[in-house]
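# Structural characterization, general
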Amino acid sequence: MFFNVAFRWLDRASISDGNAGNWHLCSVSQVEGMKIVLRMLPVFFSSMIGYISLPLLLTLTIQQGVTMNTKLGAIHVPPASLFLIPVAFQLVILVLYDRLMVPFARKITGCPTGITHLQRAGVGFVANIIATVIGAVIKKKRKGVAEEYRLLDSGKPVPMHVMWLGLQFFAVGIVDISTFVGLLEFFNNEVSKGMKSLGTAIFWCNIGMSSFMGTVLVNVVNKATRNRGIGWLEGNNLNRNYLDRFYWLLAILGSVTFINYLYWARRYFSNLAILAVQPNKVAIEVQERLLVLHCYEPPPLRKFQLCLSEFYFVDTFSLSIHLLNRLTLTI
């Protein structure tokens, strides 16, 4: 775990005031763990809002498929089976990504994973916007076909094949292999070894909260667009509602939230980057911690930095003990 120079006011929790017990004194590991969670909150909320449109897109696309031509020759294609398209697409793309794209990007960026986890998630958010735009265009085309054949109120399938919806699912496949994987790896890699389960829990909380916010968004849109009639998504007749407008709303919302996500993602520094970019501040921070906790005289900062520069991902307690041993030799 790193000594984080952010949220320094939390360091007071690890300084004894003479009272014993967990409510009076926290370990350094606990304080640093809290800092990690607080630093991830802007990314958590911005990515949660950006993920809202995906569960809505999947649900509404299946509902569209029910009203379309589902025959493929002599085979009936259930609309729910369209989920096989992104799954098969992911199996191919993941192999190409790991074997071709990552080595190529690694040579350019120098990053072990090719691109960072937040950059990978950002690619998925862009694909999510594209998927909603495709959904709006296909919905408009399907409604136009229904008007042309006078099937708006007939309840019969529209003579437009359900495989048109496969275009959306290709984009959804890109979202799954980028945003889903990127956020999962981000939350798991940023937390310490003792908090891996918490990192996974934060990720699934992100996904769950985005689905809940999607339900809230649908209710708000229906209430706001209910002008002496039904809202955009109300009613059982997809030929009469305004699903295409809702898709465009999701595309606009996705674009705004993507800009918000970019802002916080660019400002976020991983634990390794903090140590690499601010070595002086980190060295002073660790030195001050050791003086408070262990009452050692400060060595010259240059010698202390030589000790600190050997460590990146290490446990806080182990780092403290090892540095104390090195400090004993330098004093």
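The biggest cluster of nonpolar side chains holds 56 residues, and the ones touching the most others in it are Met40, Phe187 and Phe246. By residue number, the principal contributor to this core is helix α4 (residues 117-148), which donates ten residues. In contact with Phe246, not counting residues within four places along its chain, are Leu56, Leu60, Leu217, Val218, Val221, Trp232 and Leu233.

Looking now at the pattern of salt bridges. In total, this model carries two salt bridges according to the counting rule given. Across the salt bridge formed by Asp153 and Arg240, the nearest N and O atoms sit 2.6 Å from each other. Of this pair, Asp153 sits in the loop between α4 and β4 (158-161) while Arg240 sits in the loop between α6 (196-225) and α7 (243-267), and the two are 87 residues apart along the sequence. What makes Asp153 exposed here is its relative accessible area of 55%. The salt bridge involving Glu234 is made with Arg226; its shortest N-O contact spans 2.4 Å. Given the relative accessible area of 41%, Arg226 is considered partly exposed.

All right, on to the packing of aromatic side chains then. Ring pairs (aromatic) are described by centroid distance and by the angle formed between their planes. On inspection of all chains with the given rule, the structure shows eleven aromatic pairs. Each ring, one from Tyr263 and one from Trp264, has its centre 5.0 Å from the other, and the planes form 80°; the classification is edge-to-face. Taken together, the aromatic side chains of Phe44, Phe45, Phe186, Phe187 and Tyr268 make up a single cluster linked through ring pairs. Sitting over the face of the ring of Trp164, Lys141 holds its NZ or CZ atom 5.5 Å from the ring centroid. Across from the ring centre of Tyr242, 4.6 Å away, lies the NZ or CZ of Lys143, which sits over that ring.

Here the focus is unusual backbone geometry. A positive phi angle, near 55°, is found at Arg150, a position not held by glycine. Position of Arg150 among the secondary structure elements: in the loop between α4 and β4.

Conventions used here
Residues numbered from 1 in each chain as written. Predicted model: local features only at pLDDT ≥ 70, side-chain atom pairs only at ≥ 80, totals over all residues. Heavy atoms only, no water. Core = buried A, V, L, I, M, F, W, Y, C linked by side-chain atoms within 4.5 Å. Buried < 20%, exposed > 50% of the residue type's maximum accessible area, 1.4 Å probe, protein only. Helix = DSSP H or I, 4+ residues; strand = E, 2+ residues; numbered from the N terminus. Contact = heavy atoms within 4.5 Å. Salt bridge = Lys/Arg side-chain N within 4 Å of Asp/Glu carboxyl O. Phe/Tyr/Trp six-rings, centres within 6.5 Å; stacked < 30°, edge-to-face > 60°. Lys NZ or Arg CZ within 6 Å of the ring centre and 35° of its normal.

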